[in-house]
Amino acid sequence: MKNITMIGAPSCGKSTVGVLLAKRLGMSFIDVDIVIQEQTGKLLKEIIAEQGTDGFIRVEGDIAASLEAENSVIAPGGSICYEDWAMEHLKAISTVVYLRISYEEMEKRIGNVVDRGVAIPDGYTLKDLYDERAKLYEQYADIIIDETGKEFGEIVDELRNIIESAVI
């Protein structure tokens, strides 16, 4: 089975849905944020503090673009959509699933954006970031799952049905 890459806004459930989906499909799970921390020896917020948003995005893109995975569900960070070279690589090695969440739901779930490692460029609000990224997520997605009113288990079941019926 081809890899599956989960994209979407911060706190949309990329890791939660990704882990559950990987278990149900007998796949491995790769959390790109954890790979970044392992390879750099730093927390995401430390990278952002030291290198700024642009520096963090480059690190994230370089690491995602270097992934060599098979039979895996991959969950990159929310800013992966800015890294064309990384998204091209992920699209080449996987089916890309966009977990669409409303701004209001994201805001409710997200809590402190700095502690969550969310890279917000200077001059942007969280809403600006959400609006800009939503367009990019849709552009890269092979499958779009609307999370509105759904529990994570329902989302996993829906995705599993789509994936298994399409024989991705």
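Remember, predicted model here, so these are calculated numbers, not experimental data. (Residues numbered from 1 in each chain as written. Predicted model: local features only at pLDDT ≥ 70, side-chain atom pairs only at ≥ 80, totals over all residues. Heavy atoms only, no water.)

Draft legend 1. Focus on the pattern of salt bridges. Across all of its chains, the model carries 10 salt bridges by this definition. Between Lys108 and Glu105 there is a salt bridge, with its nearest N and O atoms 3.2 Å apart. Note that Lys108 and Glu105 are positioned in helix α5 (residues 103-110) at a spacing of three residues, about one turn of the helix. For Lys108, a relative accessible area of 65% translates into the label exposed. Between Glu105 and Arg109 there is a salt bridge; the shortest N-O distance is 2.9 Å. Separated by four residues within a single helix, Glu105 and Arg109 lie in helix α5, roughly one turn from each other. Residue Glu105 is classed as partly exposed on the basis of its relative accessible area, which comes to 24%. On the basis of relative accessible area, Arg109 is assigned to the partly exposed category, the value being 27%. (Salt bridge = Lys/Arg side-chain N within 4 Å of Asp/Glu carboxyl O. Helix = DSSP H or I, 4+ residues; strand = E, 2+ residues; numbered from the N terminus. Buried < 20%, exposed > 50% of the residue type's maximum accessible area, 1.4 Å probe, protein only.)

Draft legend 2. Quick peek at the packing of aromatic side chains. Using the criterion set out here, one finds two aromatic pairs in the structure. With 5.6 Å between their ring centres and 70° between their planes, Tyr103 and Tyr130 make a pair best called edge-to-face. Of the two residues, Tyr103 is situated in helix α5 and Tyr130 in helix α6 (residues 126-140); the sequence distance between them amounts to 27 residues. For the pair Tyr103 and Tyr130, a shared accessibility class is recorded, and that class is buried. (Phe/Tyr/Trp six-rings, centres within 6.5 Å; stacked < 30°, edge-to-face > 60°.)

Draft legend 3. Up close: the side chain of Glu60. As for its position among the elements, Glu60 is in helix α3 (residues 44-65). Among buried charged residues, Glu60 stands out as having no salt bridge; its nearest opposite-charge side chain is Arg133, 6.7 Å away. Leaving out residues up to four positions away in the same chain, Glu60 has contacts with Asp33, Ile36, Gly77, Gly78, Ser79, Ile80 and Glu83. (Lys, Arg positive; Asp, Glu negative; His and termini not counted. Contact = heavy atoms within 4.5 Å.)

Draft legend 4. Up close: the pairing of strand β1 (residues 3-7). Among the five residues in β1, five count as buried, and that is most of the element. The alternating pattern of β1 places Asn3, Thr5 and Ile7 and Ile4 and Met6 on opposite faces, both of which are buried. The pairing of β1 with strand β4 (residues 94-100) spans five bridges and is parallel. The partner of Asn3 across the bridge, within β4, is Ser94. Of the pairings in the sheet, the one linking β1 to strand β3 (residues 72-75) comprises two bridges and is parallel in character. Bridge pairing in β3 links Ile4 to Val73. (Pairing = 2+ DSSP bridges.)

That's the geometry; what it means functionally is another story.
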